[in-house]
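Coordinate inspection notes
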Amino acid sequence: MDVFSRTFLPATSEAGLPIPLVSRHMPLVRRCVTPDEHTVLVARCHRPGQPLPVSLILLLTNRNLIITRESRLLHRVQLYLAAGTRTLRHVTWTSDRRSRAIELAATTPGGVRERFWIPIDDARNVQRLHAMFRYVFQPAGTMPPADSPVPPPRVASPAGAV
């Protein structure tokens, strides 16, 4: 059993997703990840401001953000978004304690700003989700843009050296 399988199934169980739903989404998700990725978060989400909220499944791994949706009538699974975490720009997340939800927003490589509303059943999970997003999107402080070269570290010269 690979790393993704060992971490994905417990995460779906923790999210409270039913097994038939997970079984329908698994083949599509498998095509978007590598076996050595580990699952950070699986959650139901939806896009705010939509007249008919479509239920989406958000999968966050250490390398990718994958969002799938399912048609209501035939239960056909479609890929909504698949992007590497390093290719996403301007990633922000804000919590709303009154409505018990976190809004995740990011600009895709195509330049489209996407927003997702992740409901939270327990207010204590807010800090846990903040930590998960920080772990994936800010592993070493603030991340430089994916296409910009990382500047070499500045080495301080000892006192008196030229």
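For the structure given in this document, a descriptive report is provided here.

Procedures and definitions
Residues numbered from 1 in each chain as written. Predicted model: local features only at pLDDT ≥ 70, side-chain atom pairs only at ≥ 80, totals over all residues. Heavy atoms only, no water. Helix = DSSP H or I, 4+ residues; strand = E, 2+ residues; numbered from the N terminus. Buried < 20%, exposed > 50% of the residue type's maximum accessible area, 1.4 Å probe, protein only. Contact = heavy atoms within 4.5 Å. Phe/Tyr/Trp six-rings, centres within 6.5 Å; stacked < 30°, edge-to-face > 60°.

Quick look at the environment of Ile57
The residue Ile57 is located in strand S2 (residues 56-61) in this model. Using a relative accessible area of 10% as the deciding quantity, one classes Ile57 as buried. Residues Ile57 and Ile118 lie 61 residues apart in sequence; the distance between their C-alpha atoms is 9.7 Å. For Ile57, the residues in contact, after removing those within four places along its chain, are Leu17, Leu21, His25, Val42, Ala43, Arg44, Ile66, Ile67 and Thr68.

Points about the packing of aromatic side chains
Counted under the stated rule, the structure contains 5 aromatic pairs. Their ring planes at 35° and their centres at 6.4 Å tell us that Phe133 and Phe137 sit as a pair that is tilted. On the criterion of helical spacing, the pair formed by Phe133 and Phe137 is a turn pair, its members being 4 residues apart in helix H3 (residues 125-137). Judged on exposure class, the residue Phe133 and its partner Phe137 are both buried.

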